Each structure stands twice: as C-alpha cells, then as structure tokens.
Amino acid sequence: MLIVRGAIKDYDWGVIDGLQPWSGQATGAPQAELWFGVHPGGPSPLVDTGGEPTGELLADHFDIEAIPLLVKLLAAARPLSVQVHPPRLLAESGWRQQQAPGSLAVYSDPFEKTEMLVALQDFEAFAGWRSEVEAAAILSALGISDQIVAAVRMRDRATAIRGLLEASSPARIGRLAEAAEAAGLAPEQVAAYATVTEHYPDDRGALLTPMLAYLSLQPGEAVYVPAGVPHSYIRGIGLEVMTSSDNVIRLGLTGKPVFVDQAIAALDDKVAPQMMATRHGDLIWPVNAPFVVRMLQSGGERIPSGAYRILLLIEGSARVESEFGEIVLRPGTAAVISADDPDSFVAADGLVAIVQSTSRQVEFVHERWDVARNEY
Ligand SMILES: [Zn+2]
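Residues numbered from 1 in each chain as written. Predicted model: local features only at pLDDT ≥ 70, side-chain atom pairs only at ≥ 80, totals over all residues. Heavy atoms only, no water.

Colleague: Give a detailed account of the nonpolar core, specifying residues and quantitative values.
Modeller: Counting 46 residues, the largest nonpolar core has Phe126, Leu139, Ile161, Leu164, Tyr193, Ile249 and Leu251 as the members making the most contacts within it. Counting residues per element, this core draws most heavily on helix α3 (residues 132–142), at five residues. Both domain 1 (9–126 + 217–274) and domain 2 (130–209) contribute no fewer than three residues apiece to this core. (Core = buried A, V, L, I, M, F, W, Y, C linked by side-chain atoms within 4.5 Å. Buried < 20%, exposed > 50% of the residue type's maximum accessible area, 1.4 Å probe, protein only. Helix = DSSP H or I, 4+ residues; strand = E, 2+ residues; numbered from the N terminus. Domains from an automatic or database assignment.)

Here it is as structure tokens:
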C-alpha cells in the first residue's frame, strides 16, 4: 500500500485554483486536472504519511500492468474539446504505424481510453449523439445546408461532421443559442450553447455540438463514456476514472490539432454513454466497464484483494488498514493497493472515492459482491 498525490495539469480550460482543496496549492493559474496513476503523461508522486513528497513516483514501483487505471480530479471552467477516444484495436494499430519516421503524432499510447465522470458538483456535458430529429432541427434553424442536415437525419455522421467542419460558415457559431431555442430546447441547453459560442466564436468544431446529446449531472451521478463515443465536457468539477491512456482525438473546441479522419475512424455507433443516476454510497458499475466506483460518505468497507484498488479522499478524513498497517489519508491523497496486496478496510468520515479494477478480475468481484445486501 502506497500513498500518492495528484500530478497537476494546468490546461487553459481549467478553473483558476479550482483543484486547490486537493492539489494543496494556490497557483493563481488554471488547475484543470490532477492525475493519480502511472501514465507517463502525468506520473503521480509518492508522499509519506505526513503528506510530504518522498522524491519517488508511483511509476518507480509499478507499471501499467499493475496499475491499469488512471484516476483524475477535473475542474472545467469552459468546454473541453469535442473528442473521441479510440477503441483498443485502433489505438494499437495507430500507435504502431505512427512509430514510422515523419508520421503525425495522433496517439499518445497504444491503449484504449474508456472513461467515466462522477460529478462532485453540478456538471454539464455533451456526450453521445442527440436524436437526429432534434439535431436536424437545431442545424436547420442555424441555416446549415439541406445536404448536411439530410446527412444528420440519415445518421451519416462522417458526411455530417465533414460538412459542418469544412462547408459551413463559422459566422453561424454566433447563433447557436438562438437556434437551440428555436428548436425548442430547454433553457439550460440554450445556455450551454451560449457558453460554447462565448468561448469558441471562431472554432468550427462548435458547429458539431448540435449533434451531441446534452447531460446535466447532480453530485454523485455519473456518465460512463466507452471508447468510440463523441463527447465534450462543458463545465463543472468531477472525478474521472479511465483506463490508463491519454488517447484523445479531437474534432474541435481546442487550440490543439484536430484529426478529423482519425476521429471518424474511432467512432463506434454500437456503444453509447451510460447515465448512472447514482447517489453517494451506491456502487457505480457500468455494463462492461473495466472498473467499479463507490463514493463512500461515511462508515466502513472491506476492499478485497485480487484487483487493483485506489482510494482517493475527496473531503473529511479516512483511515485505510490492512494486515501490514494503517494509513490516514488527507484530501487529495490516495491509497494505492495492488491486486496482490491483502484485503484492506477503509473507514471514512467525509467522502472517499473507492475505485477498483474489474478487467482481469470481473468474476472475482461478481462472486464476492452480494447484490441483495449491497455489500461484499
Ligand atoms: Zn474524454
């Protein structure tokens, strides 16, 4: 059992000092993400029981085989890019091909990125496809050409995406909110489109957002986003759990490169986002997800051996015990427990995120989970 802090990311869409309760520092700059894992893009530093850095990294002790998940705290002041994450085979082949000299750097690693966002505060997102009737109504009200609107109606997403990015006037971005209202969308959705226009008045990727479904999450609620699902988180603070990958293929709302062909290739119409209307304490277990999450508010829970486990303290205090000893977590620190470590027990008074890997041990977790009693 080791203790880590998050590796901070200062992406420009972050909230000024938004992660201070967990980063432990005010920087006066955007604090967008804290990473808890071994991904080389943001390896987590180890800390001692007093919270002081030991000078080592979690990655000095474990590799991605042992730590297959990346957990993040995320604070979004404005919309993140419209993006899609590649499924496993595409990530593998794309990464391999890109090793050739002179290739475009599209992929960050050879791994699938499948993710889930658990709202810690009210959180808004675009995720998955909006109904084609509604999407067509917004785009028609925007004055988008009949040809592109017809492609949307026929769910020909590749043609629609290319048409919106290449053949539509960016001047239409200024009328997104008006068009959403004309199409009869609720006020919070109209406001979300006004936000997109405000922050990305010249970014053609904004014209893709009418194709995306709008979600509003209350604290404790979650959305699972399998690889292949287009999405753009709009605003809020949340916990993100994902496979240990940084493969993001962007379509718009970003200053970073967009890769339209690769993003279209990564889209998978057979999967959709799963909204989980959970409350603190419920087990969050999306169908086919490589992880389960429980936001434990108070009380105790046994966390069995046999799967990778990470316990991140969000607020209050928590004590984690195993036969090897006991540690006390402070907000923003996490106990990392490998699959080979023994059973652990957590006692929380506040809010602790308990994240467990299921990919290799799914049967094991199924066996031990008592559905009727909602406990192990
Ligand atoms: Zn994403």
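Colleague: Which residues make up the confidence of the model for the protein chain, and what are the values?
Modeller: In the predicted model, the protein chain carries a mean pLDDT of 93, and 95% of its residues have values of at least 70. Below pLDDT 50 for its whole length, residues 360–376 participates in 28 contacts with residues either more than four positions away or in separate chains. (pLDDT = per-residue confidence, 0-100. Contact = heavy atoms within 4.5 Å.)

Colleague: Hey, could you go over α3 for me, with residue numbers and the actual values?
Modeller: Residues of α3 that are buried: Ala135, Ala136, Ile138, Leu139 and Leu142. Burial along α3 is one-sided: seen end-on, the buried residues are contained in an arc of 165°. On its buried face, α3 is in contact with α4 (146–153), α5 (157–166), α6 (176–182) and α7 (187–199). Following α3 by one or two positions, Gly143 adopts a phi angle in the positive range, close to 85°. (Arc of directions from axis to C-beta.)

Colleague: Report on the pairing of strand β11 (residues 123–129), specifying residues and quantitative values.
Modeller: Within β11, six of the seven residues are buried, leaving the element largely enclosed by the surrounding structure. Pairing of β11 with strand β12 (residues 212–217) involves five bridges; the strand directions are antiparallel. Within the sheet, the bridge partner assigned to Ala125 lies in β12 and is Leu215. One ladder, built from four bridges, connects β11 with strand β14 (residues 231–243); its direction is antiparallel. Opposite Phe126, over in β14, you have Ser232 as the bridge partner. (Pairing = 2+ DSSP bridges.)

Colleague: Tell me what's going on with the packing of α3 against α4, and back it up with residues and numbers.
Modeller: Two elements in contact, α3 and α4, have axes separated by 8 Å at closest approach and are oriented at 165°. When the axis of α3 is compared with that of α4, the two are roughly antiparallel. When you trace α3 past α4, the crossing you get is right-handed. Where α3 abuts α4, its residues Glu132, Ala135, Ala136, Leu139 and Ser140 lie against Val149, Val152 and Arg153. Classifying every residue of the contact of α3 with α4 gives five nonpolar, one polar and two charged. (Axes fitted to C-alpha atoms, helices over the stretch in contact; angles between N-to-C directions. Parallel < 35°, antiparallel > 145°, perpendicular 65-115°, else oblique. Left-handed = near helix turned anticlockwise from the far one by under 90°. Nonpolar A, V, L, I, M, F, W, Y, C, P; charged D, E, K, R; others polar.)

Colleague: Mind laying out the coordination of the zinc ion, listing which residues take part and the relevant values?
Modeller: The zinc ion binds to the protein through Gln83 (OE1), His85 (NE2), Glu115 (OE) and His231 (NE2), with metal-donor distances spanning 2.1 to 2.3 Å. Counting along the primary sequence, the residues that act as donors to the zinc ion give the motif Q-x1-H-x29-E-x115-H. Highlighted residues: His85 in the loop between β9 (82–84) and α2 (88–97) and Glu115 in strand β10 (residues 115–119), separated in sequence by 30 residues. For the pair formed by His85 and Glu115, the shared burial category is buried. (Donors = N, O, S within 2.8 Å, 3.2 Å for Na, K, Ca; no water.)

Colleague: Which residues make up the domain arrangement of the protein chain, and what values do they have?
Modeller: Once the domains are mapped, the protein chain shows domain 1 (9–126 + 217–274), domain 2 (130–209) and domain 3 (283–368). With 15 residues of domain 1 at the contact, the number on the domain 2 side is 18 residues. A buried area of about 1400 Å², summed over both sides, lies between domain 1 and domain 2, and 70% of it is on carbon and sulfur atoms. Counting the surface domain 1 buries against domain 2, the share from its top three residues, Phe126, Leu253 and Ile264, is 38%. Applying the counting rule to domain 1 against domain 2 returns six residue pairs in polar contact (both at pLDDT 80 or more). (Buried area = accessible area lost by both parts, 1.4 Å probe. Polar contact = N/O pair within 3.5 Å; in protein donor to acceptor, adjacent residues only side chain to side chain.)

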